[in-house]
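# Descriptive structure summary
The residues making up each chain are set out below.
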Number of protein chains: 2
Amino acid sequence: MPRDPSKTRRKLIAAADALFYNQGIRAVGVDAIALNAGVTKRTLYYHFRTKDELIAAYLDGRDQPTLGRYQALIPEAKEPAALKVQRVFEHLSKSCQDRQWRGCSFLRAAAEFANLPGHPTRLIAARHKKRFESWLENILRADGIAGAPDLARQIMILFDGAVAQILIHRDPGYASSAAAAAASLISSKRQKRKSGRSAR
Amino acid sequence: MPRDPSKTRRKLIAAADALFYNQGIRAVGVDAIALNAGVTKRTLYYHFRTKDELIAAYLDGRDQPTLGRYQALIPEAKEPAALKVQRVFEHLSKSCQDRQWRGCSFLRAAAEFANLPGHPTRLIAARHKKRFESWLENILRADGIAGAPDLARQIMILFDGAVAQILIHRDPGYASSAAAAAASLISSKRQKRKSGRSAR
DNA sequence: GTCTATATGCCGATAGAC
DNA sequence: GTCTATCGGCATATAGAC
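Fair warning: this is a prediction, and the values are worked out from it, not measured in the lab.

## Notes on the relation of the copies chain A and chain B
Superposing chain A onto chain B requires a rotation of 180 degrees together with a translation of 0.0 Å along the rotation axis, leaving an RMSD of 0.0 Å. Interpreted geometrically, this transformation is the action of a two-fold axis. Nearest to the rotation axis, the C-alpha of A:Gly161 is located 1.7 Å from it, this being the minimum over chain A.

What follows is the structure, given as structure tokens:
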């Protein structure tokens, strides 16, 4: 009946997204997803060959929007990298206080499928984290910071580490601690700027 | 037939440990655990009222040994804290290269039960991480480092962040990056030592 | 493309014998 | 304390009608 053949598909992914992110992937059955999408299980299996395929579509659908929310925080190009990175941690600090926050969907998916290195989910999760790290690296390089790749890795570690601690303790304070650590690491590196008049 | 009534219980926990850590908690059924322990499901339910109770026993059984392995790395009290912390990250770097390594059981359990804040698993995971953080704090304070609580939190964040990244990318290099970041943070703090002749 | 109905097996948990 | 046997339900996935 619907004119757009992909509308049902999108509804299924939306239902899967809500349930998977809230409860975990293995904890949710296809019955619940079909019910939540307002279709039958048979229709779900018309649009997705297996549950794994739906899982992959769920995670893939989160890749760009997740990174995009962080990219939207820092539209200006001329700010110091340190300030931009602080905004990233501030955003984490706010969003983790949402009652619906359940940590990082990519990390949680990788944790659920820790024994399946070739699972589609693992590839999507790894790709997403690499994209995030590369984005951080670009921010640092745009500010002429030496050793941007190493520093981007360390900030990435601080970010996911903070997410993990907040998930465990339900304490947003870990976002501030991570932010302070990132600021300290960046200011250490700034003393070794490649080019730049203010190399202290 | 066995004289020690708790022997079966221990076998069940050992079987659960191997399966839960390797595959994830929700991915493993009680049938598989009973089979692996060499008893029937009915016996499992004689020793544990529910699967949740077995899960709790599994995680609880990992608490002290996990922390103990790190404590065993640094028996001497007179070393600089920075060196002790490096040993912690070096141990991670080595152990994560084991083919059976699947990241942190506590973090993965918390991720699986992200929507159940009151679940026994969550309490045990939070308690373990707090113990680890307190242990780090003691190491720092023993070396007279100012702001030990904040710094211990940051090292904790770096540690779990590295674990997360390694789990996702299967790249032990993140342990080295985290170690370097920790060293940098500690050396920044050392310039503000409480007491100490070498306060620069 | 979506439906009703079903296949097949595993899920956590239990009854009752010994 | 451990067994055999089984409960009702839910898991992923499919057959075939419309």
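Moving on from the model shown.
## Details of the packing of helix 8 (residues 148-169) of chain B against helix 9 (residues 173-190) of chain B
All names here are of chain B. Relative orientation of the contacting elements helix 8 and helix 9 amounts to 170 degrees, with a least axis distance of 9 Å. As judged from the angle between their axes, helix 8 and helix 9 are roughly antiparallel. Between helix 8, through Asp-150, Leu-151, Gln-154, Ile-155, Leu-158, Ala-162, Gln-165, Ile-166 and His-169, and helix 9, the contact on the second element is made entirely by Tyr-174, Ala-175, Ala-178, Ala-181, Ala-182, Leu-185, Ile-186 and Lys-189. Counted by class, the contact of helix 8 with helix 9 contains 12 nonpolar, 3 polar and 2 charged residues.

## A look at the environment of A:Thr66
Residue and element names in this part refer to chain A. Relative to the assigned elements, Thr-66 resides in helix 4 (residues 51-71). Overall, the relative accessible area of 14% leaves Thr-66 in the buried class. In this structure the C-alpha to C-alpha distance between Thr-66 and Leu-35, which are 31 residues apart in sequence, comes to 26 Å. For Thr-66, the contacting residues outside a window of four places in its chain are Phe-106 and His-128.

## Here's the deal with the nonpolar core
Membership of the largest hydrophobic core comes to 139 residues, with the highest contact counts inside it found for A:Ile33, A:Leu92, B:Ile33 and B:Leu92. The residues contacting B:Leu92, other than those within four sequence positions of it, are B:Tyr70, B:Trp101, B:Phe159, B:Ala162, B:Val163, B:Ile166 and B:Ala175.

## As for the domain arrangement of chain A
Residue and element names in this part refer to chain A. Taken domain by domain, chain A holds domain 1 (1-49) and domain 2 (61-199). For domain 1 and domain 2, the distance between their C-alpha centroids amounts to 30 Å. Tallying the contact residues gives 8 residues for domain 1 and 11 residues for domain 2. With both sides pooled, the region where domain 1 packs onto domain 2 buries about 860 Å², and carbon together with sulfur makes up 41% of that total.

## Things to note about helix 9 of chain B
Along an α-helix, a turn takes 3.6 residues, which lines up residues three or four apart on a common side. Taking 1.5 Å per residue as the helical rise, helix 9 of chain B with its 18 residues ought to reach 26 Å, and the 26 Å between its terminal C-alpha atoms agrees with that figure. Among all positions of helix 9 of chain B, only B:Tyr174, B:Ala175, B:Ser177, B:Ala178, B:Ala179, B:Ala181, B:Ala182, B:Ser184, B:Leu185 and B:Ile186 are buried. Buried residues in helix 9 of chain B make contact with helix 7 (120-142), helix 8 (148-169) and helix 9 (173-190) of chain A together with helix 5 (81-95), helix 7 (120-142) and helix 8 of chain B.

The rules behind these values
What you see as residue numbers is a count from 1 along each chain, following the sequence as written. Numbering of ligands from 1 and lettering of chains from A proceed in the order in which they are written. With pLDDT at 70 or above as the cut-off, local features in this predicted model cover only qualifying residues; side-chain atom pairs require 80 or more to be listed or tallied, and sums for whole chains, interfaces and linings still use all residues. Side-chain measures here rest on the full set of heavy atoms in the structure, leaving out hydrogens and waters. The atoms used to superpose the copies are C-alpha atoms, taken from residues with pLDDT of at least 70 in both, and the fit is least squares. Lines fitted to C-alpha atoms define the axes, with helix axes restricted to the stretch in contact, and inter-axis angles between N-to-C directions lie between 0 and 180 degrees. Each helix corresponds to a stretch of at least 4 residues labelled H or I by DSSP, and each strand to a stretch of at least 2 residues labelled E; elements are numbered beginning at the N terminus. Each angle gets one of four labels, with under 35 degrees taken as roughly parallel, over 145 as roughly antiparallel, 65 to 115 as roughly perpendicular, and the rest as oblique. By definition in these notes, contact holds between two residues if any of their heavy atoms fall within 4.5 Å. Under the convention adopted here, Pro, Cys and the residues Ala, Val, Leu, Ile, Met, Phe, Trp and Tyr are nonpolar, Asp, Glu, Lys and Arg are charged, and Gly plus all remaining residues are polar. Here's how the labels work: a residue is buried when its accessible area is under 20% of the maximum for its type, exposed when over 50%, partly exposed in between, all with a 1.4 Å probe on protein chains only. The definition of a nonpolar core used throughout is a set of buried Ala, Val, Leu, Ile, Met, Phe, Trp, Tyr and Cys residues joined through side-chain atoms within 4.5 Å. A domain assignment, automatic or from a database, supplies the domain bounds used here. Two parts placed together each lose some accessible area under a 1.4 Å probe, and the buried area is that loss summed for both. Any helix carries an expected span of 1.5 Å times its number of residues minus one.

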